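Listed below, chain by chain, are the residues.
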Amino acid sequence: MEKTLEKILEEHRESEGNIISLLQDIENSFGYLSEDAVNWFSKKLDIPASRFFGVATFYSQFHFKPRGKNIITACCGTACHVKGSERLINGLRKELSLSDDEDTTKDMEFTLEKVNCVGACSIAPVIIINKKIHGKTASDKLLKEIKTLKSLKGGKGEGR
Amino acid sequence: MKADNTTIRVCMGTGGIAAGGAEVLDAFKKELHLAGIKANVEKNCSMHKVGCRGLCAKDVLVDVIINDKKTTYQFIKSEMVPKIVKEHIIEKTPVKDWVVGEDYHAFHEKQFKVVLSDCGVIDPEDIGSYIRVKGYEAAKKVLTSLKPGDVIETIKSSGLRGRGGAGFPTGVKWEIARKQDSKQKYLICNADEGDPGAFMDRSVIEGNPHAVIEGMMIGAYAIGADKGYVYIRAEYPLAVERLKNALSDARKNGFIGKGILGTKFTFDIKVKLGAGAFVCGEETALIASIEGQRGMPRAKPPFPVYSGLWGKPTVINNVETLANVPCIIRNGARWFASFGTEKSKGTKVFALTGKIKNSGLIEVPMGIPLREIIYDIGGGTESGKALKAVQTGGPSGGCIPAAMLDTPVDFESLAKVGSIVGSGGMVVLDEDNCMVNMAQYFLQFTQMESCGKCVPCRIGTKRLLEILDRITKGKGKEGDIELLEKLSSDIKAASLCGLGQTAPNPVLSTIKYFRHEYEAHLQGKCPAAVCKELLTYYVLEKFCNGCGACMRACPAKAITGEKKKPHFIDSSICIKCGACFDVCKFKAVAKE
């Protein structure tokens, strides 16, 4: 972990980046912002950790808990909404046995996230599974895809 | 014998890739190789990816051009490629069944492409492809033969207005920035396209990133800035990648950097990724975000053009605005002003989506009647059901009812009917959409995205949403509609920034045109049968043949019945998920 942090710090200094780009780098490397990582940068850069968290909690892109191996992102844009994205999300929650306030399965295999709009509205409703965009998604096709991923359990995830 | 000139273009915007564009391109490469035709190596056959060409609903779209004769194919999958290569490219007979039909041509007929003229034609990852269509010529002309004042005059007289939503005259903004006495000025391209249901900026950057860079160069030269930023959503990975690639190519070719094109002009561009906050599309919030802070707006004045990024004069222009600039310089202000209406000049790109047949990206002259967009270009509703309304301008906009389809689409006319042009989202709603549910959807969005700085927006949108929630649940009270109206006008009047000032628009416009739907909800009915709590599912006995599909699909085990006899839904157990409705092939499940 230390090595990765050092590398991020070095790049940050070279590119004269700001707190947001630093947080984005941490998020990209670890999948979420752990307290340890933030505290490490806080010490190195002499910036209070509260400032990091103050900025991070403002933006929806940052996560504070570890995320699952497979990331499923449901688009909730207007076009997806009118074409029934909510039904797809409810179906996914059921398939993954997630309660309303959970977004990651207990075995850390899947994380279900919502996003405002990915701008692929003409192929709505859109679901992104491990960075691959699936357009005109139908519930049965989607659940089949999830079942395939479930059968690969223990394999290498590509979520991040 | 003279060799044939063959070009193959495969649509690879986000839509094209999702439909399998990359696999189609690979299949062409493989098949041509097998056939002994060396694409991209020999001059006579080239093959490349292109950005969005509009009609994403028919992706993957492929152009095969042999000696200037273009054939366009639709719904192409990789397994269809061998037949195209064999019959069309080798034997010169197009595969008729797969060629686009009348509707594809109708989709394009009433459009006029300025910003999108090269999208879908050039390879966005090849700077040479842009240069071959007169790319960077406008910048050359500006840098070598025009004074900054001349550039500003040209833009002013073209009548170009900001395409991000507010419609402020671009030339005037530049002129004010020019007059500021400051050594350091900035030009920011706002690519934080946050409106759900809009993808114009994404498509422009994915399809023709160099046009945006060229527009920025010209703008920076006009106002005297040497640093630029593109603030772009991280939710658009492909656009970010193509933009970064284009910037690096532009730098290598001397279009950005120090001493551009042998002049003294220096300008460089950095890319800043958004982190998922809708409010950052507001210019002062965007600036705070580039500075690395929480993206909260501040009171204006001072406007950014006087005091912006790090307190310096800053011009913020939208992607589409900037992409218009090189076209105006190349073709002249008068040419641009010849399109559109008296006060809204030029064209506008719209994302036409929702319940429409030809959903996709379109560009039309300002002032075109909405009806022509929906029926001539869009081909009407997807299902053939009656159109109910067209939502324009996203969460800041409103719904235009079917009865007002003759409204011309320009800044003034849409404002008059209670909506806005906005950034260009256009979502078509049919009779299956509930207008109260639409208002609730947008309020959920704005309430979530309210930054929390000012009370009217933070608490006002929350209260609006609570009222809408209870109406859609059948728990609305008498006087709720009036309360919504009163609260909306207070929030509009008192909020700090554009987000709060426009957030009540979806509520106000739906009440204005669809008050009867609100009233029906107060009576416990959802006319469109959307709001779950107000629905009852039941079996129409005369259509039910007792196949049992609904019983198997029901997650709540609320359906009972013997084989080959009509089934029954127990509404006291039913969770109203709609699974039975979806699965029934005989239309025997009804809801009301």
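Residues numbered from 1 in each chain as written. Chains lettered and ligands numbered in written order. Predicted model: local features only at pLDDT ≥ 70, side-chain atom pairs only at ≥ 80, totals over all residues.

1. Things to note about the overall build of chain A
Going by this rule: Going along the chain from the N terminus, every DSSP run of H or I of four or more residues is numbered as a helix, and every run of E of two or more is numbered as a strand. Three exposure classes are used. Buried residues have 20 or more other C-beta atoms within 10 Å of their own C-beta, exposed residues have 12 or fewer, and partly exposed residues fall in between, all C-beta atoms being placed from the backbone. We call two residues in contact whenever the C-beta atoms placed from their backbones are within 7 Å.
Tallying secondary structure elements over chain A gives 7 helices and 4 strands in all. Ordered by position in the sequence, the α and β elements of chain A form the string α-α-α-α-β-α-α-β-β-β-α. Overall size of chain A, expressed as C-alpha extent along the three principal axes, is 50 × 35 × 25 Å. Put simply, chain A has 160 residues, and 39% of those count as buried. Looking at chain A alone, contacts between residues at least 24 apart form 62% of all its contacts between residues at least 6 apart.

2. A word on the overall build of chain B
Selection rule: Computation of the radius of gyration draws on C-alpha atoms, with the globule rule given as 2.2 Å multiplied by the number of residues to the power 0.38.
Looking only at helices and strands, chain B features 23 helices and 17 strands. In terms of overall size, chain B behaves like a compact globule, its C-alpha atoms giving a radius of gyration of 26 Å where 592 residues would be expected to give roughly 25 Å. Along the first, second and third principal axes, the C-alpha atoms of chain B reach 80 × 70 × 40 Å. In chain B, the proportion of contacts linking residues at least 24 apart, taken out of those at least 6 apart, comes to 71%.

3. Regarding the domain arrangement of chain A
Our working rule: Start and end positions for the domains come from either an automated domain assignment or a database one.
Its domain assignment divides chain A into domain 1 (2-56) and domain 2 (70-151). On a C-alpha basis, the centres of domain 1 of chain A and domain 2 of chain A stand 30 Å from each other.

4. Some details on the sheet that holds strand 2 (residues 110-115) of chain A
Whenever strands of a sheet pair, they do so through backbone hydrogen bonds, lying parallel or antiparallel. Residues and elements named next belong to chain A. The condition that has to hold: Two strands qualify as a pair provided DSSP detects at least 2 bridges between them. To obtain each axis, a line is fitted to C-alpha atoms, and for helices this fit is confined to the stretch in contact; angles are then taken between N-to-C directions over 0 to 180 degrees.
In spatial order, the strands read 2-1-3-4; together these 4 strands make up an open sheet with mixed pairing. Each end of this open sheet is capped by a strand with a single partner; those strands are strand 2 and strand 4 (132-134). Averaged over all pairs of adjacent strands, the angle between strand axes in this sheet comes to 25°, irrespective of strand direction. Where strand 1 (residues 70-75) and strand 3 (residues 127-129) come together, 3 bridges link them in antiparallel fashion. Each bridged residue has a counterpart across the sheet, and for Ile72 the counterpart in strand 3 is Ile129. Each of strand 1, strand 2 and strand 3 touches helix 6 (residues 85-95); the most contacted strand, strand 1, lies at about 155° to it.

5. Points about the packing of helix 9 (residues 200-207) of chain B against helix 13 (residues 319-331) of chain B
Residue and element names in this part refer to chain B. Applicable threshold: Oblique is the label for any angle not covered by the other classes, which are roughly parallel (under 35 degrees), roughly antiparallel (over 145) and roughly perpendicular (65 to 115). Residue polarity follows a fixed list, in which Ala, Val, Leu, Ile, Met, Phe, Trp, Tyr, Cys and Pro are nonpolar, Asp, Glu, Lys and Arg are charged, and the others, Gly among them, are polar.
Two numbers describe how helix 9 lies on helix 13: the axes approach to 9 Å, and their chain directions differ by 45°. In this view, helix 9 runs oblique relative to helix 13, as classed from their interaxial angle. On the side of helix 9, the interface is formed by Met200, Asp201, Val204 and Ile205, while helix 13 contributes Val319, Glu320 and Ala323. Class assignment of the residues belonging to the contact of helix 9 with helix 13 gives a composition of 5 nonpolar, no polar and 2 charged.

6. Looking at the environment of B:Phe255
All names here are of chain B. Considering the arrangement of structural elements, one finds Phe255 in the loop between helix 11 (237-252) and strand 7 (268-273). Residues Phe255 and Phe267 lie 12 residues apart in sequence; the distance between their C-alpha atoms is 8.8 Å. The residues contacting Phe255, other than those within four sequence positions of it, are Tyr136, Ala139, Met217, Ala250 and Ile260.

7. Topic: unusual backbone geometry
Among all residues except glycine, the phi angle is most often negative; among peptide bonds, the trans geometry is most common. All names here are of chain A. Here the bond from Ala124 into Pro125 is cis, since omega is -10°, no more than 30 degrees from zero. With respect to the element layout, Pro125 can be found in the loop between strand 2 and strand 3. Even without glycine at this site, Met108 takes up a positive phi of about 60°. You can call Met108 partly exposed: it has 13 C-beta atoms within 10 Å. We note that Lys131 has phi near 75°; this positive angle belongs to a residue other than glycine.

8. Structural notes on helix 1 (residues 2-15) of chain A
Residue and element names in this part refer to chain A. The condition that has to hold: A helix is expected to reach a length of 1.5 Å times the quantity of its residues less one.
Here helix 1 spans 20 Å end to end across 14 residues, near enough to the 20 Å set by a 1.5 Å rise per residue. Helix 1 sits mainly on the outside: 1 of its 14 residues count as buried. Note on helix 1: the residue one or two positions beyond its end, Glu16, has a positive phi of about 50°.

9. Overview of the interface of chain A and chain B
With 32 residues of chain A at the interface, the matching set in chain B holds 43 residues. Where the side of chain A that touches chain B is concerned, the elements lending two or more residues are helix 2 (19-30), helix 4 (49-56), helix 5 (78-82), helix 6 and strand 4 of chain A. Looking at the side of chain A that touches chain B, the element that brings in the most residues is helix 5 of chain A, giving 4 residues.

10. What about the pairing of strand 7 of chain B?
By the bridge criterion, 6 bridges tie strand 6 (residues 227-232) of chain B to strand 7 of chain B in an arrangement that is parallel. Within strand 7 of chain B, the residue paired with B:Val230 across the bridge is B:Val271.

11. What about the environment of B:Leu387?
Residues and elements named next belong to chain B. Mapped onto the elements of the fold, Leu387 is located in strand 11 (residues 387-392). Its 20 C-beta neighbours within 10 Å are what place Leu387 among the buried residues. In this structure, Leu387 is in contact with Ile374, Thr381, Ala402, Val428 and Asp430, ignoring residues within four places of it in sequence.

12. Details of the nonpolar core
Note the following rule: Joined through C-beta atoms within 7 Å, a set of buried Ala, Val, Leu, Ile, Met, Phe, Trp, Tyr and Cys residues constitutes a nonpolar core.
Core analysis: the biggest nonpolar cluster contains 206 residues, and A:Leu23, A:Val126, B:Val212, B:Met217 and B:Ile218 have the highest contact counts within it. If you tally residues by element for this core, the top one is helix 10 (residues 209-223) of chain B, at 10 residues. Not counting chain neighbours up to four residues away, the residues in contact with B:Val212 comprise B:Cys189, B:Val204, B:Ile205, B:Val319, B:Leu322 and B:Ala323.

13. Looking at helix 19 (residues 480-494) of chain B
In a regular helix each residue adds 1.5 Å, so 15 residues correspond to 21 Å; helix 19 of chain B covers 21 Å between its end C-alpha atoms and thus fits that length. Looking at the packing, one finds that the buried side of helix 19 of chain B touches helix 18 (455-472), helix 20 (498-502) and helix 21 (505-522) of chain B.

14. Focus: the pairing of strand 10 (residues 360-365) of chain B
All names here are of chain B. Of all 6 residues in strand 10, 6 are buried, a share of seventy percent or more. Pairing geometry for strand 9 (residues 347-354) and strand 10, over 6 bridges, is antiparallel. Across the sheet, residue Phe350 finds its bridge partner in strand 10, namely Ile362. Where strand 9 folds back onto strand 10 in an antiparallel hairpin, the turn is made up of 5 residues.

15. Quick word on the packing of helix 3 (residues 35-45) of chain A against helix 4 of chain A
Residue and element names in this part refer to chain A. Going by this rule: If you view the pair so one helix is near and one far, a crossing is left-handed when the near helix is turned anticlockwise from the far one by less than a right angle, and right-handed when it is turned clockwise.
The geometry of helix 3 relative to helix 4 is characterised by a closest axis approach of 8 Å and an angle of 125° between their N-to-C directions. By the criterion of interaxial angle, the relationship of helix 3 to helix 4 is oblique. Regarding helix 3 and helix 4, the two cross each other, and that crossing is right-handed. Residues Val38, Asn39, Phe41 and Ser42 of helix 3 form the contact with helix 4, whose participating residues are Ala49, Phe52 and Phe53. The residue makeup of the contact of helix 3 with helix 4, split by class, is 5 nonpolar, 2 polar and no charged.

16. Looking at the sheet that holds strand 9 of chain B
Residues and elements named next belong to chain B. Here we have 5 strands laid out as an open sheet, ordered 10-9-13-11-12, and mixed in their pairing. In this open sheet, the two edge strands, each paired with only one partner strand, are strand 10 and strand 12 (398-401). On average, each strand axis in the sheet is tilted by 30° relative to the strand beside it, whichever way the strands run.

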